[in-house]
Amino acid sequence: MRIKLINPNTTQSMTDKIARAARTVAAQGTEILAVSPTGGPVSIEDHYDEAYAVPGLLGEVRIGETQACDAYVIACFGDPGLDAAREIARGPVLGIAEAAMHAASFVATGFSIVTTLTRTCVMARRLVDRYGFSTVCRGVHGTDLPVLALEDPASDAYALILAQCEQALKQDGSGAIVLGCAGMADLCTRLSASLGVPVIDGVAAAVKFCEALVGLQLQTSKHGDYALPIPKKYTGAFAGFAPRA
Ligand code: 2AL
């Protein structure tokens, strides 16, 4: 099967890192097609970035529908454009936040999210509520690390994240950690070994859930609000994005 892994930000080193994490867990016979849009924000860490990441992301899903992709992963913890992507894709589309929260809830009664900038905690908390995990998520914690610091080997990202995870586990009384950024994918195994609790990277979780859903021959419903978007004209800079019949 072919899974298109879309990093909605345009930082290639992060796309490469996410692709490595995905391929590490992918089954034999699963092809990971890892891409980032040609234009958009280099990192997504506020509502504005998120809004401008969505057109490029949807463009990649649209291309994916001509590339025989069986499923898609949106590899950003804000799950930007998830519902719109589901409208235009035949196969399943998974956001890494939703996938990680589901995985965590299978292995612990409560989880804590450890993320990047503190201002993104509100965004994560909104997703927790939207996905129905309000009673399972016991805390959302920022590290004040910018997303691109995760790409800098000289930053002390690992130590900062480890310290925040330790504090979160103690403060929240939770049994698992959900990593709040795709750029943390490479730290997951090491963190889990140090902390002694399950640490969930949404990229890996989403890839494995995609394999399961495709294996179950489940596709995105085209009945109701995930039906193909209504064909109409778009004007100006977005004319090329118009839904076609
Ligand atoms: C993210 C992420 O996963 N990718 C990105 O650019 N920003 N999430 C976050 N909380 O900062």
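Conventions used here
Residues numbered from 1 in each chain as written. Predicted model: local features only at pLDDT ≥ 70, side-chain atom pairs only at ≥ 80, totals over all residues. Heavy atoms only, no water. Helix = DSSP H or I, 4+ residues; strand = E, 2+ residues; numbered from the N terminus. Rg over C-alpha atoms; globule rule 2.2 N^0.38 Å. Buried < 20%, exposed > 50% of the residue type's maximum accessible area, 1.4 Å probe, protein only. Contact = heavy atoms within 4.5 Å. Areas by Shrake-Rupley, 256 points an atom, 1.4 Å probe, with all protein chains shown as cover. Lys, Arg positive; Asp, Glu negative; His and termini not counted. Charge placed at Lys NZ, Arg CZ, Asp CG, Glu CD. Salt bridge = Lys/Arg side-chain N within 4 Å of Asp/Glu carboxyl O. Core = buried A, V, L, I, M, F, W, Y, C linked by side-chain atoms within 4.5 Å. Domains from an automatic or database assignment. Near = heavy atom within 4 Å. Polar contact = N/O pair within 3.5 Å; in protein donor to acceptor, adjacent residues only side chain to side chain. 1 Å grid on protein atoms, 1.4 Å probe; cavity = no way out; pocket = protein on both sides within 12 Å on 5 of 7 lines; lining within 4 Å. Sits in = over half its atoms within 2 Å of the grid points. Nonpolar A, V, L, I, M, F, W, Y, C, P; charged D, E, K, R; others polar. Phe/Tyr/Trp six-rings, centres within 6.5 Å; stacked < 30°, edge-to-face > 60°. Lys NZ or Arg CZ within 6 Å of the ring centre and 35° of its normal. Disulfide = S-S within 2.5 Å. Axes fitted to C-alpha atoms, helices over the stretch in contact; angles between N-to-C directions. Parallel < 35°, antiparallel > 145°, perpendicular 65-115°, else oblique. Left-handed = near helix turned anticlockwise from the far one by under 90°. Points joined across faces, edges and corners; volume = space filled by probe spheres on them. Buried area = accessible area lost by both parts, 1.4 Å probe.

1. Structural notes on the overall build of the chain
And step 1. Regarding its fold elements, the chain presents eight helices and eight strands.
And step 2. Computed over the C-alpha atoms, the radius of gyration of the chain is 17 Å, within 12% of the 18 Å expected from 2.2 N^0.38 for a compact globule of 245 residues.
And step 3. Put simply, the chain has 245 residues, and 55% of those count as buried.
And step 4. Across the chain, contacts joining residues at least 24 apart in sequence account for 69% of those joining residues at least 6 apart.
And step 5. With the model as given, the accessible surface of the chain reaches about 11100 Å², and the carbon-plus-sulfur share is 56%.
And step 6. Both charge centroids of the chain, one from 20 positive and one from 24 negative side chains, sit 6 Å from each other.

2. Brief notes about the pattern of salt bridges
And step 1. Under the defined criterion, the tally for this structure stands at eight salt bridges.
And step 2. It is possible to trace a salt-bridge network through shared partners that takes in Lys 17, Glu 151 and Asp 186.

3. Focus on the nonpolar core
And step 1. In this structure, Met 101, Phe 111, Ile 113, Ile 161, Ile 177, Leu 191 and Leu 195 are the most contacted members of the largest nonpolar core, which totals 76 residues.
And step 2. Lining this core are residues from two domains, each supplying at least three of them: domain 1 (2-96 + 204-241) and domain 2 (97-201).
And step 3. Apart from residues no more than four positions distant in its own chain, Ile 161 is found in contact with Val 114, Thr 143, Leu 145, Leu 150, Met 184, Leu 187 and Leu 191.

4. Regarding the site of the ligand
And step 1. The immediate surroundings of the ligand are formed by 13 residues, with Asn 9, Ile 44, Thr 116, Gly 180 and Ala 182 found nearest.
And step 2. Asn 9 has a polar side-chain atom sitting 2.9 Å from an oxygen atom of the ligand.
And step 3. Judged by the proximity of its atoms to the pocket grid, the ligand belongs to the largest cavity.
And step 4. Of the residues contributing to the shell around the ligand, the split by class is seven nonpolar, six polar and no charged.

5. What to know about the packing of aromatic side chains
And step 1. Going through the model one piece at a time under the given rule, you end up with four aromatic pairs.
And step 2. Positioned over the ring face of Tyr 158 is Arg 190, at 3.7 Å from the centre of the ring.

6. Concerning the state of the cysteines
What makes a disulfide is a covalent bond joining the sulfur atoms belonging to two cysteines.
And step 1. Considering all chains together, one arrives at zero disulfides under this definition.
And step 2. With no disulfide of its own, Cys 69 has Cys 210 as its nearest cysteine by sulfur position, at a separation of 11 Å.
And step 3. Taking the relative accessible area as the measure of exposure, Cys 69 reaches 6% and is therefore buried.
And step 4. The buried category is assigned to Cys 210, whose relative accessible area is 0%.

7. Digging into the packing of helix α6 (residues 157-172) against helix α7 (residues 188-195)
And step 1. Across the interface, α6 lies against α7 with an axial gap of 11 Å and an inter-helix angle of 45°. By the angle between their axes, α6 is oblique relative to α7. Where α6 crosses over α7, the handedness of that crossing is right-handed. For the pair formed by α6 and α7, the contact residues are Tyr 158, Ile 161, Leu 162, Cys 165, Glu 166 and Leu 169 on the first element and Arg 190, Leu 191, Ser 194 and Leu 195 on the second.
And step 2. Classifying every residue of the contact of α6 with α7 by side-chain character gives seven nonpolar, one polar and two charged.

8. Considering the layout of surface pockets
And step 1. The calculated volume of the largest pocket comes to roughly 550 Å³.
And step 2. Lining the largest pocket are 19 residues, and of these Arg 62, Ile 88, Pro 229, Phe 241 and Pro 243 sit closest to its centre.
And step 3. At the level of elements, α2 (47-64) and α3 (82-88) are the ones that each hand at least two residues to the lining of the largest pocket.
And step 4. For the lining of the largest pocket, the element with the most residues is α2, which contributes four residues.
And step 5. Class assignment for the residues of the lining of the largest pocket results in twelve nonpolar, one polar and six charged.

9. A word on the domain arrangement of the chain
And step 1. Domain parsing of the chain yields domain 1 (2-96 + 204-241) and domain 2 (97-201).
And step 2. Listed per partner, the contact involves 28 residues of domain 1 and 33 residues of domain 2.
And step 3. Taking both sides of the interface into account, the surface hidden between domain 1 and domain 2 amounts to around 2200 Å²; carbon and sulfur atoms contribute 63%.
And step 4. The largest per-residue losses of area from domain 1 upon contact with domain 2 belong to Lys 17, Glu 45 and Phe 77, which jointly make up 33% of the total buried on that side.
And step 5. There are four salt bridges connecting domain 1 and domain 2.

10. Section: the side chain of Thr 120
And step 1. Note that Thr 120 resides in the loop between β5 (111-115) and α5 (121-131).
And step 2. Ignoring any residue separated from it by four or fewer positions in sequence, one finds Thr 120 in contact with Glu 45 and Thr 115.

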